[in-house]
Amino acid sequence: METMNTEITPIERVGLARHPQRPYTLDIIKNLFEDFVELHGDRRYADDPALVGGTATYHGLPVVVIGHQKGRDVNERRYRNFGMPKPEGYRKALRLMMMADKFNRPVITFIDTPGAYPGVDAEERGQAEAIAFNLREISKIKAPLITCVVGEGGSGGALAIGICDGLLMLENAVYSVISPEGCAAILWKSPTQSALAASRLKLTAFDLEGLGVVDVIIGESSENRVNDSEIYQAIDKQVHAMLLSLLGLSDAERRVLRFQRMRRLGEWSQSGI
Amino acid sequence: MSLFSRKKKNLEAVPAAERRVTTEGIFVKCPKCSTALFKRELEENFQVCHSCAHHFRLDARSRLAMLYDEGEYEELDAEVISCDPLGFVDTKPYPERLEQARRVSGLPEAIINGRGQVGGHLVFAGAMDFSFMGGSMGSAVGEKIARIIDRAIEYRGAVITFAASGGARMQEGTLSLMQMAKVCAGLAQLDEAKLPFISVLTDPTTGGVTASFASIGDVIIAEPKALIGFAGPRVIEQTIREKLPEDFQTSEFLMAHGMVDLVIDRRELRAMIINLLNFMMPSENILRLLDEDKEALPDTQ
Ligand SMILES: [Zn+2]
């Protein structure tokens, strides 16, 4: 686990991140958490099976755990809407985070989505508003927030549950503003340029650590890149360490650091034109 | 060097898309109703067709001039511009695209920040410009929005944004995405400072800009018939494989679905904003009236 594989190309990582045998949120919850109670619905419109969450015990500590959920067979994939949440999914996630805040419990989120669902009904119910509202409101939460990108980090649909104090990322996960296919179609006007787009977008864990977006990379086995049995231990080790370090800070300290963390992201020039 | 550079009223500029037409001759043809419009009259009419009320796209500086009292404002943060954090090259290197955008738009970045008075209230405004790389939000745009929010908190002013954007700037990858978090975190602090944020949505506002600051104003105002949405219409059509409703993702569609407070003609926009700021901004006048009322109350002890 110590020697991370930097030989894999970005487009290969995209393939690994999307692989149907990768650990999904409910697999991780089953392996890392106890007493999980899945809670449902946004109290506004519906329950969204593409985004799951609930209460659980983590190393003896009560927490709220939330994540995107994909399906493995045809029926489950359709049921989970390929892991693409609608506004009700994001509103449910925020509701659960606010409950965590009320009881002063940490929140752990797992990201694995191609993106927020692009559909007429999602637009009608305010997909953009649901994401934006989460970005603002989650940043106000006092409880510790940990996010782990485990598969596909698909743009705003990923970020909407990804405001955090510490961002972890699996070695073979990706996190991007747009899919390589979408980027190739727009900028190169050619779907055959996806591999090039994937490399230019700097969407791997290593790239994003360099850009200051990712705090910790969770190494994966180089033999079995898809469903490595040690992967759960590796996630557990890093999430737990992050949680302990965040619990060592006061609510006020964490909030200051969280705002500073977001405020400094990005690179710009101060020189004018 | 002064901190702020002074900008005078500037109603001359028009978006690049229409520039070629408008600078040739004295007439502009309305793309909606084909009426020939006097260029001068169109400018005096806030770039709105007097025949069919079609709203022409506006450049960022004209937008700010229309907002502020006497059209006067100080431009802020002009020195904050995009760099190339990823070394991004598609069919052209990103720095070349930036150069081209600066040339075409005549602007340093896809948003222009201003500071001035609106109805006598201190307002920090950011106006996006679609002619600068589709008004896309990269690190510099995010930083500029974060700075007007910071200043509004420091000087107890209001924030007003005019969105005009195709979304996040792909050439800055995940750093663009993170600007959504950055500006929304700033707005969380503005909330806690009890200061106003009015978001004006103009044609077009989509993607990562819609899914961040633009959709969470205390009050959200849309210009008539603007394209506003999260996912692009083509992406949705490909996903659902059917034709989209006629007025889908227009201002009026959002209004019907409860996503905006008001759809307002540009010619009435400033008056409406002043009306709202009178409600939102801390006012000595209101405090005095409350004191007078308190004195007028009968003693209930
Ligand atoms: Zn007309």
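Sequence order as written defines residue numbering, which begins from 1 separately in each chain. Chains and ligands are labelled by the order in which they are written, letters from A for the one and numbers from 1 for the other. In keeping with the model being predicted, local features are shown solely for residues with a pLDDT of at least 70 and side-chain atom pairs are shown and tallied solely at 80 or more, while totals for entire chains, interfaces and linings include all residues.

Asks: Go over the overall build of chain A, please, and point to the residues and values.
Replies: Helix and strand labels come from DSSP, where a helix needs a run of H or I of at least four residues and a strand needs a run of E of at least two; each type is numbered from the N terminus. Within chain A, the secondary structure is distributed over 12 helices and 9 strands. Only C-alpha atoms enter the radius of gyration; for comparison, a globular chain is expected to reach 2.2 Å times N to the power 0.38, where N is the number of residues. Whereas a compact globule of 273 residues would reach a radius of gyration of roughly 19 Å, chain A reaches 18 Å, a difference of no more than 12%. Expressed along its principal axes, the backbone C-alpha trace of chain A runs to roughly 50 × 50 × 45 Å. Throughout, a pair of residues is in contact if the C-beta atoms placed from their backbones lie within 7 Å. Pairs at least 24 residues apart make up 72% of the contacts formed inside chain A by residues separated by at least 6 positions.

Asks: Any chance you could break down the nonpolar core for me, citing the residues and the numbers?
Replies: Of all hydrophobic cores here, the largest spans 157 residues; its most connected members are Leu135 and Met169 of chain A together with Cys184 of chain B. The greatest single-element share of this core, amounting to 11 residues, is contributed by helix H6 (residues 173-192) of chain B. Discounting chain neighbours no more than four positions away, the residues touching Cys184 of chain B are Ala132, Leu135, Arg136 and Ser139 of chain A together with Ser212, Phe213 and Ile216 of chain B. By convention the nonpolar core is taken to be a set of buried residues drawn from Ala, Val, Leu, Ile, Met, Phe, Trp, Tyr and Cys and joined through C-beta atoms within 7 Å. Between the buried cut of 20 or more and the exposed cut of 12 or fewer other C-beta atoms within 10 Å of a residue's own C-beta lies the partly exposed class, and all C-beta atoms are placed from the backbone. Within the second largest apolar cluster, 5 residues are counted, among which are Val28, Leu42, Val48 and Cys49 of chain B.

Asks: Any details on helix H5 (residues 139-155) of chain B? Residues and values, ideally.
Replies: All names here are of chain B. A rise of 1.5 Å per residue sets the reference length of H5, with its 17 residues, at 24 Å; its end C-alpha atoms lie 24 Å apart and thus fit the reference within 8%. Within H5 the residues assigned to the buried category are Ser139, Ala140, Val141, Gly142, Glu143, Lys144, Ile145, Ala146, Ile148, Ile149 and Ala152. Where H5 ends, the next residue or the one after it, Arg156, has phi of about 55°, a positive value. One less than the residue count of a helix, multiplied by 1.5 Å, gives the span that helix is expected to have.

Asks: Residues and numbers for helix H12 (residues 251-263) of chain A, please.
Replies: Residue pairs three or four apart in sequence face the same way in an α-helix, which turns once every 3.6 residues. For H12 of chain A, which comprises 13 residues, the first-to-last C-alpha distance of 18 Å matches the rise-based estimate of 18 Å (1.5 Å per residue) to within 8%. Turning to H12 of chain A, its buried residues are Arg254, Arg258, Arg261 and Met262 of chain A. Each buried residue of H12 of chain A lies within a common arc of 90° when the element is viewed along its axis, so the set occupies one face. Facing away from the buried side of H12 of chain A by more than 90 degrees, the exposed set consists of Ala252, Glu253, Val256 and Gln260 of chain A. Looking at the buried residues of H12 of chain A, the elements they touch are helix H6 (127-139) and helix H11 (231-247) of chain A together with H6 of chain B. In this description, one arc is meant: the one made by directions from the helix axis to the C-beta atoms.

Asks: So what's going on with the interface of chain A and chain B? Which residues, and what values?
Replies: On the side of chain B, 54 residues touch chain A, which itself brings 48 residues to the contact. Only helix H5 (120-124), H6, helix H7 (155-159), strand S7 (174-176), helix H8 (180-188), H12 and strand S9 (268-269) of chain A provide two or more residues apiece to the side of chain A that touches chain B. Looking at the side of chain A that touches chain B element by element, the count peaks at 9 residues for H6 of chain A. Gly counts as polar in this scheme, as do all residues outside two lists: the nonpolar Ala, Val, Leu, Ile, Met, Phe, Trp, Tyr, Cys and Pro, and the charged Asp, Glu, Lys and Arg. When the residues that make up the side of chain A that touches chain B are grouped by side-chain class, the tally is 27 nonpolar, 12 polar and 9 charged. When S9 of chain A meets strand S5 (residues 81-82) of chain B, the two strands line up antiparallel, connected through 2 bridges. Residue Trp268 of chain A lies in a different strand from S5 of chain B, and its bridge partner there is Ser82 of chain B. The pairing criterion is simple: DSSP has to find at least two bridges between the two strands.

Asks: A description of the domain arrangement of chain B should follow, citing residues and the corresponding values.
Replies: Many descriptions give the size of an interface as the accessible area lost when the pieces come together. All names here are of chain B. Where each domain begins and ends is defined by an automated method or by a domain database. Here chain B is partitioned into domain 1 (14-56) and domain 2 (57-281). Taking only C-alpha atoms, the centre of domain 1 and the centre of domain 2 are 23 Å apart. If you look at the interface, domain 1 gives 12 residues, while domain 2 gives 14 residues. A per-class count over the side of domain 1 that touches domain 2 returns 8 nonpolar, 3 polar and 1 charged.

Asks: Provide a residue-level description of unusual backbone geometry, including the pertinent values.
Replies: Residue Pro204 of chain B is reached from Asp203 of chain B by a cis peptide bond, and omega for that bond is -10°. Phi at Lys202 of chain A is positive, roughly 55°, even though this residue is not glycine. Mapped onto the fold, Lys202 of chain A is located in the loop between helix H9 (194-200) and helix H10 (205-210). Classification of Lys202 of chain A by C-beta neighbours within 10 Å gives buried; the count is 24.

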